[in-house]
Amino acid sequence: MTQLGCLEFHVQTWIEGHSREVVVLELERYISTTFDHCICQMQQHPSDGDQLQVEEHAGVPATVSVPDCHAQANETCATTSLTHFTFCASNGHVYHDVCSLVHDICDDHTIGADPHPDPNLCPNMIHTTTTEPPLSAFETSLYSAIEHGIDDRLRASRAKGITPKQALPIFSAQDHAHKRYVRNPDCWAADLDLTCISPWNSNLSNRKAGTLISPRHAVWARHYSIRLNSTLRFVDRRGAVVERRVVGTRLVDSHGGSGFYGRDIVVGVLDSDVPDTVSFAKVMPHHLLTMHPGHNVHLPVLSTDQEEKALVTDFLLYHNHSISLRAPSTSSIHHDYYEPKIVGDSGNPSFFVLGDELVLLFTFTTGGPGGGTNLIGHFHDINHQMNVLGGGYQLTEVDLSRFLSAQETLPSVIG
């Protein structure tokens, strides 16, 4: 057996004619799908429909046999668009398609990218940073709003003399056994409505998470799924506890293959609506299919973890079904409020903050800065599953029209 930890394969390449981040994101998707690279063990449980349950275990790295790795590589490589590119690897080999590279990684998972590729061997690889195109007026306005949504709150917290250690916990007291929760007035996000985030469930206590996308529907990670008939607990802004039972679940893209990367979403329906004292999260407009701000734009993202801390990470990009974050620069204020994601954080949500609104991007599949399944990439399927489950709700898209000039329409790609 080949034993793998939380594999992070950040390929240091620039490929002519293609965005570096998009190429890296796609490489990570195929490699991580092959390895099931969250620290977890696959465990099948009897359940309704085609629900897949995968439990994480602290300190237990994932294992995959070499034959199984090659079999999964064949499945994932069948759909890659990177079949005609050249990759120089750290083992000295030159690969002319990503599938050959992935198969060799099955045999030797220490293989990475050559940080100094020979331009004569890899003519398609450019190792210089190109000038990023200027931002459009829409991008400038939108990015500024996303930055101010978190940065202004961080600066205000710092100006009050509140340390990051004091400012990170969402609750100053959490007593799950006695259902007692006190919101932390020193949390940098204390003025935001965070009631859509579940701090506890009867399946695995403070792990697995769950985030409301309507008064009756929630989403969480497929690989770390909350079991049917579990109780989800929410806490309103005054500390009152609201509990609802999960009475139905559906997978998105359930026929897309055996791997969960790129479709790591479960939609659950509750036994009744939550009261209006508990909110639900909006999502990005479904027309905005790709968002890639570039290296010089540092958009902050609010994420939670199993301890219910309000962490800050930088957004990298989303494209199709996948999304990735990146660790903030050590000189950035974001870095003071950043922590890498670890075992047990899977399923926790990440948001843009626009004004006072939370905009849900995804729930965690991977560790480190974090990455997972882009909700917008499955917008129509999520709405379909919500309809099948019942309840009468659909996803609510955030209104970005205020960032558009007169007669301008929302683009499908930015960055």
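See the structure above.
On a predicted model such as this, the values are computed, not experimentally measured, just so you know.

### Some thoughts on the overall build of the chain
And then number 1: Scanning the chain from terminus to terminus reveals six helices and 23 strands.
And then number 2: Per-residue burial over the chain gives 54% buried out of 415 residues.
And then number 3: Taking contacts inside the chain between residues at least 6 apart in sequence as the whole, the part at least 24 apart equals 69%.
And then number 4: Entry remark: accessible area of the chain is about 17,000 Å², with carbon and sulfur atoms responsible for 51%.

### Some points on the nonpolar core
And then number 1: Among the nonpolar cores identified, the biggest contains 81 residues, and Leu142, Trp188, Met284, Met291, Leu302, Phe315 and Phe352 are the most heavily contacted of them.
And then number 2: Looking at this core element by element, the count peaks at seven residues for helix H4 (residues 137-159).
And then number 3: Aside from chain neighbours lying at most four places away, what touches leucine 142 is Met291, Leu354, Leu400, Phe403 and Ile414.

### Quick look at empty space enclosed by the protein
And then number 1: This structure, assessed with the given rule, holds three cavities of 30 Å³ or more.
And then number 2: As a volume, the second largest cavity reaches approximately 40 Å³.
And then number 3: Forming the walls of the second largest cavity are Ile170, Phe171, Arg183, Leu194, Ile197, Pro199 and Glu308.
And then number 4: Per-class residue counts for the lining of the second largest cavity are five nonpolar, no polar and two charged.

### Considering the sheet that holds strand E12 (residues 231-235)
And then number 1: If you trace the six strands from one edge of the open sheet to the other, you get E9-E12-E13-E14-E11-E10, paired in antiparallel fashion. Here the strands that pair on one side only, and so sit at the sheet edges, are strand E9 (200-201) and strand E10 (211-212).
And then number 2: Examined bridge by bridge, E12 and strand E13 (residues 241-251) share five bridges and lie antiparallel to one another. If you follow valine 235 over to E13, its bridge partner there is valine 241.

### Some details on H4
And then number 1: Here H4 is 23 residues long and its end C-alpha atoms lie 31 Å apart, about the 33 Å a rise of 1.5 Å per residue gives.
And then number 2: Roughly 35° is the biggest bend found in H4, and it falls at histidine 148.
And then number 3: Listed as buried for H4 are Phe138, Glu139, Leu142, Tyr143, Ala145, Ile146, Gly149, Ile150, Asp151, Arg153, Leu154 and Ser157.
And then number 4: Buried residues in H4 make contact with helix H5 (164-167), strand E16 (290-291), strand E17 (300-303), strand E18 (311-319), strand E20 (349-354) and strand E23 (413-414).
And then number 5: Glycine 161 sits one or two residues past H4 and shows a positive phi near 80°.

### What about the packing of aromatic side chains?
How two aromatic rings sit relative to each other is set out by the distance from centre to centre and by the angle between their planes.
And then number 1: Scanning all chains against the criterion turns up four aromatic pairs.
And then number 2: Aromatic pair phenylalanine 362 and phenylalanine 364: ring centres 5.3 Å apart, planes at 85°, arrangement edge-to-face. You'll find phenylalanine 362 and phenylalanine 364 in the same group, each marked buried.
And then number 3: In textbook terms, an aromatic cluster arises when at least three aromatic residues are bridged by ring pairs, as seen for Phe315, Tyr318 and Phe352.

### Regarding unusual backbone geometry
And then number 1: We note that asparagine 320 has phi near 55°; this positive angle belongs to a residue other than glycine.
And then number 2: On the secondary structure map, asparagine 320 appears in the loop between E18 and strand E19 (322-326).
And then number 3: Its relative accessible area of 48% is what places asparagine 320 among the partly exposed residues.

### Description of the pairing of strand E21 (residues 357-366)
And then number 1: Where burial is concerned, most of E21 is hidden: nine out of the ten residues are buried.
And then number 2: Bridge count for strand E15 (residues 282-283) against E21 is two bridges, and the pairing is parallel. The partner of lysine 282 across the bridge, within E21, is valine 359.
And then number 3: As paired strands, E20 and E21 are joined by six bridges and run antiparallel to one another. Residue pairing for E21: serine 350 is matched across the bridge by phenylalanine 362.
And then number 4: With antiparallel pairing between neighbouring strands as the criterion, E20 and E21 make up a hairpin whose turn holds two residues, including glycine 355 at a positive phi of roughly 65°.
And then number 5: Pairing of E21 with strand E22 (residues 371-373) involves two bridges; the strand directions are antiparallel. Bridged to phenylalanine 364 within E22 is glycine 372.
And then number 6: Connecting the antiparallel pair E21 and E22 is a turn made up of four residues, with glycine 368 showing a positive phi of about 70°.

What counts as what
Residues numbered from 1 in each chain as written. Predicted model: local features only at pLDDT ≥ 70, side-chain atom pairs only at ≥ 80, totals over all residues. Heavy atoms only, no water. Helix = DSSP H or I, 4+ residues; strand = E, 2+ residues; numbered from the N terminus. Buried < 20%, exposed > 50% of the residue type's maximum accessible area, 1.4 Å probe, protein only. Contact = heavy atoms within 4.5 Å. Areas by Shrake-Rupley, 256 points an atom, 1.4 Å probe, with all protein chains shown as cover. Core = buried A, V, L, I, M, F, W, Y, C linked by side-chain atoms within 4.5 Å. 1 Å grid on protein atoms, 1.4 Å probe; cavity = no way out; pocket = protein on both sides within 12 Å on 5 of 7 lines; lining within 4 Å. Points joined across faces, edges and corners; volume = space filled by probe spheres on them. Nonpolar A, V, L, I, M, F, W, Y, C, P; charged D, E, K, R; others polar. Pairing = 2+ DSSP bridges. Expected span 1.5 Å × (residues − 1). Bend = angle between axes of the 7 residues up to and from the residue. Phe/Tyr/Trp six-rings, centres within 6.5 Å; stacked < 30°, edge-to-face > 60°.

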